[in-house]
Structures are given as C-alpha cells and as structure tokens.
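One letter stands for each residue in the lines below.
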Amino acid sequence: MSQEIHGTYSLEPGEPAEAAGSPEPEATRRAADEAESSRASRGWWDRNADEYQSDHGGFLGDDRFVWGPEGLDEAEAGLLGAAASLKGLDVLEIGAGAAQCSRWLAAQGARPVALDLSHRQLQHALRIGEGLPLVEADAGRLPFRNGSFDLACSAYGAVPFVADPVRVFREVHRVLRPGGRWVFSVTHPIRWAFPDEPGPEGLSVAASYFDRVPYVEQDEAGNAVYVEHHRTLGDRVRDVVAGGFRLVDLVEPEWPAWNGQEWGGWSPLRGNLIPGTAIFVCERD
C-alpha cells in the first residue's frame, strides 16, 4: 500500500519531505497540473520511502493486503472476489509501494504485477523479496497492452495524487478485460473539511468540503515537492463513470476495536466518529 498520511488538510507540514538541514517546505493551496503533480509525487516518494516503510511496514506486513489505516484486510473483505477465485488471474496493483498487496495476491495463486512511480519504493519491494514483476511507471500512462489484466487494485496508491483521475481510470479501463474489476481506496473525501489531527482538535470542521484547490508543499523556489488533490464523493463517482466503469459498491470501513494505533490523522477517536477511508468497487462492462 503506497499511502501517505500527511498534514494535508490542516495545512500543517507532515513528515519531513526534504533532506536533513533543508528548509521546511511551505504548505499552501494552489493549482498544480498533471506534470507538476507527477514530478512532486515521484520525488517525494523516492525521498521518503525509507522512512515510510520503517514507520508503517510492521502494520502493513510483508504479504498482507490492507486497504487503509483502519486495517481492513482483503482476506476478510473479498472486494476483489473470494480468495479462491483469484487463482490464475492477472492482476495489476497501481501505487504498489513495497508490493505487500501483490505478494498476498501471489500467495492466492494470482499473477500480480506491481506498478509504482517511485523507484525507491520498488527497491523496498525487492528488499522484502524477489519474484514479483515490478514496473516503474506513471498511473496515467500504463505501459501495457489493451486487455492485459483481469483485475486492478490500488490501496491509497496514485489516485489521491493525480491531477486528472479520469485519465488514470481510462487507462485502467483500457488494460482490463471485459468484466474486469477495479477497486481503489482513498482518503474519505469528508476528511478534507477537518484538520488532519488524530485528537479532539481533528473533530471540528475547519475548511469547506467543496474547496477543490489542491494541497501543495513547495520549496523556496516555489516548486511543488508534495501534491494531493481533493475530490468530493460525488466527484469520485462521476470520475468512475467518466472512466468507463460501473460503480458496484462504496465501502466505508469502520474502525475496529482491535486497532489502537494512530497513523497521521487516523486514530481510534476519529475513526469511531467519522469515516477515514473510502473504497470504490468498480467493474468494466
């Protein structure tokens, strides 16, 4: 799961985005196009992959398929289908990070391909274990033939960070076979109205849910080093349809009693009151 938990919504800088000794990036809200967003994401993940895997690798495991900080596991949820039905299927994981989800899919007998924009994240996939096909590429320009896969999935990967999600969805549609399922998770859109804080200060609305101006962290020269894009829930549904898919389910995982961790703005306190993750289950007709 390639997933950043950032100080996005409160405009507070999150985890360090620059090398030690470098000035802290400025957090702002401004336009960021496709090219700038892609450059920022590649650079941010290459710089921060080590810390991310160190901090969150224990929760994610080496071969688990976790949809988000709530800890919803694909083995339990079956959003891609029953585990037994995955055997022999070609599956594309987008924004794979260290390919933990792909490793779980392979254990079920599927044939996964793990794709990520970040070279350093894919190096972590190799560190954990070889044997999986790894591809370094942009989600908006998938380097695969039409109809190459039976399923596609993304656990917090790529979708929140792209300026044009419809382009990504159309690419996913192109590489899926008819009847293929596309399942992706993102930060629940309602979270953009709240400060990104795990405690009580994160429970009061602080911004407009309808403000779609991207969150940007930029360096002294004004170059974006981190970009995240907000879409309302309705926007996401319309994007799915514009990408050629049929939405068959929208899952909002509840915070389980066993999960006592705080991860950025995700916490038991907030998770028991407001949703933190939205999972879109889509099918290609």
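Structural notes, computed from the coordinates. Quick caveat: nothing in here was measured; it's all calculated off a predicted structure.

Another point: unusual backbone geometry. Positive phi outside glycine occurs at Y156, with the angle close to 60°. Overall, Y156 belongs to the buried group, its relative accessible area being 1%. Positive phi, normally seen in glycine, also occurs at A158, with a value near 70°. Within the element layout of this structure, A158 appears in the loop between β5 (149-155) and α5 (165-175).

It is worth spelling out the sheet that holds strand β4 (residues 134-136) at this point. On the basis of which strands lie adjacent, the open sheet formed by 7 strands has the order β4-β3-β2-β5-β6-β10-β9 and mixed pairing. The open sheet terminates on both sides in strands that have one partner only, identified here as β4 and β9 (245-251). Each adjacent strand pair in this sheet contributes to an overall mean axis angle of 20°, direction not counted. Docked against the sheet, helix α4 (residues 119-128) engages β3 (111-116) and β4, running at close to 170° with respect to β4. Helix-sheet contacts for α5 involve β2 (90-94), β5, β6 (176-187), β9 and β10 (277-284), and the interaxial angle to β6 is about 145°.

Let us look at the pairing of β10. In terms of burial, β10 is a largely internal element, 8 of the 8 residues being buried. What you see with β10 is no split at all: T277, I279, V281 and E283 on one side and A278, F280, C282 and R284 on the other are buried throughout. Two strands pair when backbone bridges link them, and β6 and β10 are joined in this way by 7 bridges, in the antiparallel orientation. Residue pairing in the sheet places T187 in a bridge with T277 of β10. Where β9 meets β10, 6 bridges bridge the pair, whose relative direction is antiparallel. The partner of L247 across the bridge, within β10, is C282.

Our next topic: the sheet that holds strand β1 (residues 26-29). Strand order in the open sheet made by the 3 strands is β1-β7-β8, with antiparallel pairing throughout. At either end of the open sheet lies a strand with only one pairing partner, and these are β1 and β8 (224-228). Within this sheet the neighbouring strands show an average axis-to-axis angle of 20°, counted without direction. The sheet contact formed by strand β7 (residues 215-218) and β8 spans 4 bridges and is antiparallel. Of the residues in β8, the one forming a bridge with Y215 is E228.

The angle between the axes and the distance between the axes are what describe a pair of packed helices. Two elements in contact, α5 and helix α6 (residues 233-242), have axes separated by 8 Å at closest approach and are oriented at 40°. By the angle class used here, α5 and α6 are oblique. When you trace α5 past α6, the crossing you get is right-handed. Here α5 contributes P165, V166, F169 and R170 to the contact with α6, which in turn contributes R236, D239, V240 and A242. In terms of residue class, the contact of α5 with α6 is built from 5 nonpolar, no polar and 3 charged.

On to the pattern of salt bridges. Following the criterion strictly, the structure yields 19 salt bridges and no others. Residues D239 and R231 are paired through a salt bridge, measuring 2.8 Å at the closest nitrogen-oxygen approach. Here the salt bridges share partners, and the residues they tie into one network are E34, D138, R141 and R167.

What follows concerns the nonpolar core. Counting 27 residues, the largest nonpolar core has L92, I94, F144, V172, W182 and F184 as its most contacted members. When residues of this core are traced back to their parent elements, those giving at least two are β2, β3, β5, α5, β6 and β10. The contact partners of F144, leaving out residues within four places of it in the chain, are L92, V113, L115, V135, F149, R174 and V175. By size, the runner-up hydrophobic cluster in this structure holds 18 residues, among which are W67, V91, W104 and C153.

Cut-offs used in this document
Residues numbered from 1 in each chain as written. Predicted model: local features only at pLDDT ≥ 70, side-chain atom pairs only at ≥ 80, totals over all residues. Heavy atoms only, no water. Buried < 20%, exposed > 50% of the residue type's maximum accessible area, 1.4 Å probe, protein only. Helix = DSSP H or I, 4+ residues; strand = E, 2+ residues; numbered from the N terminus. Pairing = 2+ DSSP bridges. Axes fitted to C-alpha atoms, helices over the stretch in contact; angles between N-to-C directions. Contact = heavy atoms within 4.5 Å. Parallel < 35°, antiparallel > 145°, perpendicular 65-115°, else oblique. Left-handed = near helix turned anticlockwise from the far one by under 90°. Nonpolar A, V, L, I, M, F, W, Y, C, P; charged D, E, K, R; others polar. Salt bridge = Lys/Arg side-chain N within 4 Å of Asp/Glu carboxyl O. Core = buried A, V, L, I, M, F, W, Y, C linked by side-chain atoms within 4.5 Å.

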